[in-house]
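Residues per chain are reported as follows:
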Amino acid sequence: MKKNLILGIETSCDETAAAVVAAGKTVLSSIIASQIPIHEKYGGVVPEIASRHHLEMVNEVIAEALLQANCSFADLSAIAVTHGPGLVGALLVGVNTAKTLAYALKKPILAVNHIFSHIAANFLVHEVRFPAVCLVVSGGHTSLFYLTSRSEAALLGATRDDAAGEAFDKVARVLGLGYPGGPAIEKAAEAGDAGAFTFPRAFAGQDDNYEFSFSGLKSAVINTLHNLKQKGQTYRTADVAASFQQAVVDILVEKTCLAAEAKQVKTVLLAGGVAANGALRQQLEQALAAAGRTLLYPPLELCTDNAAMVAAAGWDLYLQQKFAGLDLNAVPVLDNLWQVK
Ligand code: KG4
Ligand code: ZN
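Not measured: the values here are computed from a predicted model.

J.: Help me out: how do you make sense of the coordination of the zinc ion (ligand 2) in this one?
T.: Reference values for angles at a metal are 109.5 degrees in the four-donor tetrahedral case and 90 or 180 degrees in the six-donor octahedral case. Taken together, His114 (NE2), His118 (NE2) and Asp305 (OD) make up the protein donors of the zinc ion (ligand 2), found 2.0 to 2.1 Å from the metal. Look at where the donors of the zinc ion (ligand 2) fall in the sequence and you get H-x3-H-x186-D. Of this pair, histidine 118 sits in helix H4 (residues 114–120) while aspartate 305 is found in the loop between helix H10 (300–303) and helix H11 (308–319), placing the two residues 187 residues apart along the sequence.

Below is the structure:
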């Protein structure tokens, strides 16, 4: 048997993914079957359709992950699976697949928190020095964490309403840019003037407040477009995209720098789908560097949902022998990480 191989399974949203990772660090394979083309025509993820496609794809994706890693089921040390947060029907496919494999193969199950797996994507590519602050920005989450080790995190603040990625997706839909909105807005913004419109930055200038809010920003964009249309005035989509993106980036940069300063950390991590955004990476990196801090982020393919990050997060549970039972269930809302200090 090969040593320390973890199979990761991810089905929390619209990506069916499986990966084999050695010792929480070396990615031997990472297979992602994206459902984006399926959900595109609806302008967002349709949960029931997502579940059905996970079911169709999951075995194939796992088989491919083992094949590319050149290993068999018998070689695995454990099976890590995302059990929440996410779409319950989608999560259930991964959880039940993991439980079936674990039972049949007599291998332990590692129940991974999706948010924490996004953070763990950084551990696959960086030697992270702790303590660190991590900004998790995805389609479902916008949270700032204080990390004292790979598996210990304290929540500093989160969004009160929409996640940053959700705002990108909704604004993109209103602008007719398609789904997913993040990459589309980023591309459109390249040709736009970020100062053309002034959109709100919620909780800006408030020290000691690490909360976010993006629903007001989304409404402000929608209202602005509505007013312009009513007055028969034209606008450049690129300018709206750039101004919106800048409002999101400004507040993410401000709050992250505030947290890094308060916690006096040298290292800041960026994680989640929105971490793929070039403007965010660049501006956050610059702002942190000015204070002598380093920003680390995963490569693009590890920012959005994947299973290598699930196996990486699972590795820490494996080392601590924190195994889940066959009664493991999907948890759509799972706010607490496994070791909140
Ligand atoms: O982490 P992820 O794949 O799934 C969730 O856990 O939610 O994140 C998906 C989100 C979507 O809202 C998508 O629009 C956003 O990440 N996203 C981006 C970019 N690429 C993906 N947002 C801004 N800029 C991008 N380049
Ligand atoms: Zn995600």
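J.: Would you mind going over the sheet that holds strand E9 (residues 267–271) with me for this structure?
T.: Consider a sheet: its strands pair through backbone hydrogen bonds, and that pairing is either parallel or antiparallel. Within the open sheet, the five strands sit side by side as E8-E7-E6-E9-E10. Their pairing is mixed. Looking at strand neighbours, the two that pair on one side only are strand E8 (152–158) and strand E10 (294–296), the edges of this open sheet. When the angles between neighbouring strand axes are averaged without regard to direction, this sheet yields 25°. By the bridge criterion, five bridges tie strand E6 (residues 132–137) to E9 in an arrangement that is parallel. Considered in E9, the bridge of leucine 135 is made with leucine 270. Contacting E6, strand E7 (142–149), E8 and E9, helix H8 (residues 237–263) runs over the sheet at an angle of about 160° to E6.

J.: Quick question: what am I supposed to make of the domain arrangement of the protein here?
T.: How big an interface is tends to be stated in terms of the accessible area lost upon association of its parts. Domains assigned within the protein are domain 1 (5–119 + 303–319) and domain 2 (129–297). Centre-to-centre, using C-alpha coordinates, domain 1 lies 27 Å away from domain 2. In this complex, domain 1 contributes 19 residues to the contact, which on the side of domain 2 involves 20 residues. Interface of domain 1 and domain 2: buried area, both sides summed, is about 1500 Å²; carbon and sulfur atoms make up 69% of it.

J.: Teacher, can you tell me more about the site of ligand 1 here?
T.: The full set close to ligand 1 counts 20 residues, and His118, Gly139, Asp169, Gly182 and Glu186 are the nearest of them. Side-chain polar atom of histidine 118 to an oxygen atom of ligand 1: 3.0 Å apart, as the coordinates give it. Contact distances for ligand 1 include 2.7 Å between a nitrogen atom and a side-chain N or O atom of glutamate 186. At the level of secondary structure, the elements contributing two or more residues to the shell around ligand 1 comprise H4, helix H5 (164–174) and helix H6 (181–189). It is H6 that contributes the most residues to the shell around ligand 1, four residues altogether. Taken together, the residues that form the shell around ligand 1 break down as five nonpolar, twelve polar and three charged. When residues of the shell around ligand 1 are assigned to domains, at least three fall in each of domain 1 (5–119 + 303–319) and domain 2 (129–297).

J.: Could you clarify how one ought to interpret the pairing of strand E4 (residues 76–84) in this entry?
T.: Moving residue by residue along a regular strand, the side chains alternate between the two faces of the sheet. E4 sits mainly inside the fold: nine of its nine residues count as buried. In terms of strand pairing, strand E1 (residues 5–10) meets E4 through five bridges, oriented parallel. Within E4, the position partnered with leucine 7 by the bridge is isoleucine 79. Direction of pairing for E4 relative to strand E5 (residues 109–113): parallel, over a ladder of five bridges.

J.: What should I look at first to understand the sheet that holds E4 in this one?
T.: Ordered by their spatial adjacency, five strands build an open sheet running E3-E2-E1-E4-E5, and the pairing between neighbours is mixed. In the strand order of this sheet, the two ends are held by strand E3 (26–34) and E5, each with one partner. Mean inter-strand twist for the sheet, computed between neighbouring axes without regard to direction, equals 20°. The strands touched by helix H3 (residues 88–105) are E1, E4 and E5; relative to E4, the strand with the most contacts, the crossing angle is about 155°. Its contacts with the sheet put H11 on E1, strand E2 (15–22), E3, E4 and E5, and the angle it makes with E5 is roughly 115°.

J.: Would you mind going over the pairing of E9 with me for this structure?
T.: Across the five residues of E9, five count as buried, placing the element largely inside the fold. Bridging between E9 and E10 involves three bridges; their strand directions are parallel. Directly across from leucine 269, in E10, lies its bridge partner leucine 296. The parallel pair E9 and E10, bridged by helix H9 (residues 278–290), forms a crossover whose chirality is right-handed.

J.: Just to check I follow, could you spell out unusual backbone geometry for this structure?
T.: Phi is mostly negative for residues that are not glycine, and the peptide bonds are mostly trans. A cis amide bond links glycine 84 with the next residue in sequence, proline 85, at an omega value of -10°. For proline 85, the location among the structural elements is in the loop between E4 and H3. Although it is not a glycine, asparagine 4 adopts a positive phi angle of roughly 60°. Positionally, asparagine 4 belongs in the segment before E1. Here the phi dihedral of glutamine 321 falls at roughly 55°; this positive angle occurs in a residue that is not glycine. On the secondary structure map, glutamine 321 appears in the segment after H11. Of the residues examined, glutamine 321 reaches a relative accessible area of 57% and is grouped as exposed.

J.: Sorry if this is basic, but what is going on with the nonpolar core here?
T.: For soluble globular proteins, the rule of thumb is that nonpolar side chains tend to be buried together. Ranked by size, the top nonpolar core spans 49 residues in total, and within it Phe199, Phe214 and Phe244 carry the most contacts. Where this core is concerned, the elements lending two or more residues are E6, E7, H5, H6, helix H7 (215–230), H8, E9 and H9. Each residue touching phenylalanine 214, except ones within four places of it in the same chain, is listed here: Thr142, Thr159, Asp161, Asp162, Ala163, Ala164, Ala167, Val248, Ile251 and Leu252. One finds Val128, Ala307, Ala312 and Ala313 within the second-largest nonpolar core, a separate group that totals 35 residues.

Definitions and limits used
Residues numbered from 1 in each chain as written. Chains lettered and ligands numbered in written order. Predicted model: local features only at pLDDT ≥ 70, side-chain atom pairs only at ≥ 80, totals over all residues. Heavy atoms only, no water. Donors = N, O, S within 2.8 Å, 3.2 Å for Na, K, Ca; no water. Helix = DSSP H or I, 4+ residues; strand = E, 2+ residues; numbered from the N terminus. Pairing = 2+ DSSP bridges. Axes fitted to C-alpha atoms, helices over the stretch in contact; angles between N-to-C directions. Contact = heavy atoms within 4.5 Å. Domains from an automatic or database assignment. Buried area = accessible area lost by both parts, 1.4 Å probe. Near = heavy atom within 4 Å. Polar contact = N/O pair within 3.5 Å; in protein donor to acceptor, adjacent residues only side chain to side chain. Nonpolar A, V, L, I, M, F, W, Y, C, P; charged D, E, K, R; others polar. Buried < 20%, exposed > 50% of the residue type's maximum accessible area, 1.4 Å probe, protein only. Right-handed = clockwise from strand over helix to strand, strands pointing away. Core = buried A, V, L, I, M, F, W, Y, C linked by side-chain atoms within 4.5 Å.

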